[in-house]
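These are the residues of each chain, in order.
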Amino acid sequence: MLWLAKALCSGGHSTFPALAKPSQGFATRLGKLGKLPEKVDLPDVKAAVAIASGKGGVGKSTTTANVAVALAKNPGFKIGILDADVFGPSQPRLFGLKGRPQPSAAQKMIPLQNHGVHVMSMGFLLEEDAPAVWRGPMVMSAIDTFLQKVEWGDLDLLLVDMPPGTGAP
């Protein structure tokens, strides 16, 4: 079953808890990955939803993509996806996106778009089917970069497609 963690902030922006309820297995692996920030301030994001599960292969990425596309069909509703699975990024393939994010005037990465959804993924920065051999601090740095150094623009909702094993069992 998917576990959804929703974070809303009254100030018109989202303060996204890096991980609201980590599973015990994830907490154990977290020591190997490095320390996650307690909160990440995303001033232009009204709400964030983390889509996670205690195991892989249950359809988190597909669910994330389908929910995003369905919500993006609403006129004026702006939605983004952060593909936080740096070891097996699948959102570029699900959205049929290729290429690299371009820099904005503020030197932030501009997410690629398809079906009205802004998408940022490690899959845009690696060669297709290239293995990502990273140590924990590098993984945390990549996720932090996606949160802080991406020009998300004004989003109504940011869906975070979490890696396997990051939800409650």
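Residues numbered from 1 in each chain as written. Predicted model: local features only at pLDDT ≥ 70, side-chain atom pairs only at ≥ 80, totals over all residues. Heavy atoms only, no water.

Looking at an unreviewed UniProt entry, one finds the protein named nubpl, with Apatococcus fuscideae as its source organism. Database annotation for the protein, UniProt heading Sequence similarities (unreviewed entry): "Belongs to the Mrp/NBP35 ATP-binding proteins family." (UniProt positions renumbered as here; feature names shortened; annotations may be inferred.)

(A) Quick look at the pairing of strand β5 (residues 79-83). Of all the five residues making up β5, five are buried; the element is thus mostly covered by neighbouring parts of the structure. What you see with β5 is no split at all: I79, I81 and D83 on one side and G80 and L82 on the other are buried throughout. Inspection of the sheet shows β5 paired to strand β10 (residues 157-161) by five bridges, in the parallel sense. Looking at β10, one finds that I79 is bridged to L157. (Buried < 20%, exposed > 50% of the residue type's maximum accessible area, 1.4 Å probe, protein only. Helix = DSSP H or I, 4+ residues; strand = E, 2+ residues; numbered from the N terminus. Pairing = 2+ DSSP bridges.)

(B) Structural detail: the pattern of salt bridges. If you walk through the whole model with that rule in mind, you get one salt bridge. A salt bridge links D156 to K46; its shortest N-O distance comes to 3.1 Å. Of this pair, D156 sits in the loop between α4 (136-148) and β10 while K46 is found in the loop between β3 (39-42) and β4 (47-52), placing the two residues 110 residues apart along the sequence. Of the residues examined, D156 reaches a relative accessible area of 18% and is grouped as buried. (Salt bridge = Lys/Arg side-chain N within 4 Å of Asp/Glu carboxyl O.)

(C) Spotlight on the pairing of strand β9 (residues 117-121). Within β9, five of the five residues are buried, which leaves the element mostly enclosed by the surrounding structure. Burial along β9 is two-sided: V117, V119 and S121 facing one way and H118 and M120 facing the other are all buried. Here β5 runs beside β9; their pairing, made up of five bridges, is parallel. Pairing of I81 across the sheet is with V119, part of β9. Of the strand pairs in this sheet, strand β8 (residues 112-114) and β9 are connected by three bridges, and their pairing is antiparallel. Paired with Q113 across the bridge in β9 is H118.

(D) Spotlight on the side chain of H118. Secondary-structure assignment places H118 in strand β9. Under the relative-accessibility criterion, H118 is labelled buried at 17%. Setting aside anything within four residues of it in sequence, one finds H118 in contact with I79, G80, I81, P111, L112, Q113, W152 and L155. (Contact = heavy atoms within 4.5 Å.)

(E) Quick peek at unusual backbone geometry. With a phi angle near 60°, Q107 is a residue other than glycine that sits in the positive phi range. If you trace the backbone, Q107 turns up in the loop between β6 (102-103) and β7 (109-110). For Q107, a relative accessible area of 64% puts it in the exposed group. Even without a glycine there, the phi angle at H115 is positive, about 55°. The residue H115 is located in the loop between β8 and β9 in this model.

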